[in-house]
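Residue-level listing of the chains:
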Amino acid sequence: MADEESRDGVRLTNLDQPLFDGARATKRDLVDYLDAMSGVLLPHLRDRPLSVIRALRGQRPFMQKNLPRYAPESVPRVTMFAESAGHDVVYALCNDRPTLLWFANQRAVEYHVTLLRAPDWPHPTHLVLDLDPPGNGGFQAAVGAARLVREVLAEVGMAAAVKTSGAKGVHVFAPVTGADVEEVAAATRAVAARAERLDPALATTAFIREDRGGKVFLDATRSGGATVVSVYSPRLRPGTTVSFPVAWDDLDGIAPADFTMRTVPDLLGGTDRWAETMPGPQPLDAGLIAEGRDIPIARVAAMHEGKRRARARRAEAGDDARA
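All figures in this text were calculated on a predicted structure; none of them were measured in a lab. Just so you know, the residues in each chain are numbered from 1, in the order the chain's sequence is written. The predicted nature of this model means local features are confined to residues of pLDDT at least 70 and side-chain atom pairs, given and counted, to a pLDDT of 80 or more, with totals for whole chains, interfaces and linings taken over all residues. Side-chain metrics rest on all non-hydrogen atoms present in the structure, leaving aside hydrogens and water.

### Here's the deal with the packing of aromatic side chains
Short version of the rule: For Phe, Tyr and Trp, where Trp contributes only its six-membered ring, two rings pair if their centres lie within 6.5 Å, and the inter-plane angle classes them as stacked under 30 degrees, edge-to-face over 60, or tilted in between. Buried means the residue's accessible area, taken with a 1.4 Å probe over protein chains only, is under 20% of the maximum for its type, while exposed means over 50%, and partly exposed covers the values in between. A run of H or I in DSSP counts as a helix once it spans at least four residues, and a run of E counts as a strand once it spans at least two, with each numbered from the N terminus.
Summed over all chains, the structure comprises seven aromatic pairs. Here the aromatic rings of Phe103 and Tyr111 are separated by 6.4 Å at their centres, their planes lie at 85 degrees, and the arrangement is edge-to-face. Residue Phe103 is classed as buried on the basis of its relative accessible area of 3%. Taken together, a centroid distance of 6.1 Å and an interplanar angle of 75 degrees make the contact between Phe207 and Phe217 edge-to-face. Separated by ten residues along the polypeptide, Phe207 in the loop between strand S11 (203–204) and strand S12 (216–219) and Phe217 in strand S12 bring together distant segments of the chain.

Structure representation (structure tokens):
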């Protein structure tokens, strides 16, 4: 089998090289997977600013937001201000098969998209909670936290879909309509706070890792220009796991390792399970928005708390030196 080939006008090279340590896959496997999945993957990438994690030979994996200058002119793109970078970024829009194949040839393994879709930049399409179990915790702890989030949403008449993150956690997606970035961000914080109150022994909204006490972190920061790994995206994890949609009733019987580049195409059988399980867009509850506006933004609060703790440590060190 040739180590190079072309598909849809895209030259693909070094196909038989290992993808990354522990992947149990080659670059060809990545290309074949993304090509086979393009029909169901592309609708979830379309018109959303894209960041990718690339695994180049001999280098540590890295996230790439800016579209490289050597990218083909045919790759759709948009310029947006990135808060994390502090400046404008030229993002790719992965809207077609040639663009997806080009990224695969660049050894882009993970595909992370914003909750904003062109051209309607002011209005996020989903409210998202990223549920991250502790390092020594199990996937089922994240499942339990997801059910807390579902309960909170149900109390205000909202429905949601759930998928594995492809790592160790769970993502809960609730489609929304008619709300701006600030309103969705506030409502997301309120959902997390209410879920934490339902079972504070299981779940926490503590942004600083050392404050989580071995609980599942309810990450409410996936709003505005923040990104989340796309459904059906591979992950840089042993076995090249995939972020995969799961029915709520099936969560207890699955594990993230069940869904890999090798298993997912056959599991789907050409269907788009994410689209099938996703509820229709819903208006946000006004009470959630109002409650969330009184909750500090986690990253900002954590930054100030980190500075306060650093000052306290310096002061303590000074007292010890004078003693």
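### Some details on the packing of helix H3 (residues 139–155) against helix H4 (residues 181–198)
Quick note on the threshold: Axis geometry follows a simple rule: fit a line to the C-alpha atoms, using only the stretch in contact for helices, then measure angles between N-to-C directions, giving values from 0 to 180 degrees. With the far helix as reference, a near helix turned anticlockwise by less than a right angle produces a left-handed crossing, and one turned clockwise produces a right-handed crossing. Here a residue-residue contact requires only that any non-hydrogen atoms of the pair lie within 4.5 Å. Classes in brief: Ala, Val, Leu, Ile, Met, Phe, Trp, Tyr, Cys and Pro nonpolar; Asp, Glu, Lys and Arg charged; the others, Gly included, polar.
Interaxial distance between H3 and H4 falls to 9 Å at its minimum, and their mutual angle equals 115 degrees. Judged by the twist between their axes, the crossing of H3 over H4 is right-handed. Across the interface between the two elements, Leu148, Val149, Glu151, Val152 and Leu153 from H3 touch Val191, Arg194, Ala195 and Leu198 from H4. Per-class residue counts for the contact of H3 with H4 are seven nonpolar, no polar and two charged.

### Re the nonpolar core
Soluble globular proteins tend to bury their nonpolar side chains together. Heads up, the condition is: Take the buried residues of types Ala, Val, Leu, Ile, Met, Phe, Trp, Tyr and Cys, join any two whose side-chain atoms come within 4.5 Å, and each joined set is a nonpolar core.
Membership of the largest hydrophobic core comes to 87 residues, with the highest contact counts inside it found for Phe103, Tyr111, Leu127, Leu131, Val172, Tyr232 and Leu284. Counting residues in each nonpolar core, the second largest holds seven residues, with Met80, Ala82, Leu93 and Leu116 among its members.

### Some points on H4
Filter applied, for reference: In this analysis, the expected span of each helix is defined as 1.5 Å times one less than the number of residues it contains. Polar contact is defined as a pair of N or O atoms within 3.5 Å, subject to the rule that within protein one atom must be able to donate a hydrogen and the other to accept it, and that residues adjacent in sequence are counted only when both atoms are side-chain atoms.
Taking 1.5 Å of rise per residue, the 18 residues of H4 would be expected to cover 26 Å, and the 26 Å separating its terminal C-alpha atoms lies within 8% of that figure. Where H4 is concerned, the buried positions are Val184, Ala185, Ala186, Ala187, Thr188, Arg189, Ala190, Val191, Ala192, Ala193, Arg194 and Ala195. Elements that come into contact with the buried residues of H4 comprise strand S8 (126–132), H3, S12 and helix H7 (286–293). In this structure Asp180 caps H4, since a side-chain oxygen of it lies 3.2 Å from the backbone nitrogen of Glu182.

### Here we look at the environment of Arg147
Here Arg147 lies in helix H3. Using a relative accessible area of 32% as the deciding quantity, one classes Arg147 as partly exposed. With 99 residues separating them in the primary sequence, Arg147 and Val246 have C-alpha atoms 13 Å apart. Apart from the residues within four sequence positions on either side, Arg147 is in contact with Trp248, Leu251 and Asp252.

### A look at helix H2 (residues 97–105)
For H2, the tally of buried residues reaches seven of nine residues, placing the bulk of the element in the interior. Of the residues making up H2, those classed as buried are Thr99, Leu100, Leu101, Trp102, Phe103, Ala104 and Asn105. Tucked into the core, H2 has its buried residues touching strand S1 (5–7), strand S2 (10–12), helix H1 (27–45), strand S3 (49–54), strand S6 (87–93) and strand S7 (108–114).

### Observations regarding empty space enclosed by the protein
The test is simple: Buriedness for pockets is judged along seven lines, at least five of which must meet protein on both sides within 12 Å for an open set on the 1 Å grid over protein atoms alone, while cavities are sets there where a 1.4 Å probe fits but cannot get out, and lining residues have an atom within 4 Å of a point. Grid points are joined across faces, edges and corners, and a volume is the space filled by probe spheres set on the points.
Under the defined criterion, the tally for this structure stands at one cavity of 30 Å³ or more. Approximately 40 Å³ is the volume attributed to the largest cavity. Surrounding the largest cavity, Leu50, Val52, Gln64, Lys65, Asn66, Leu67, Pro68, Ala92 and Phe103 form its lining. In terms of residue class, the lining of the largest cavity is made up of six nonpolar, two polar and one charged.

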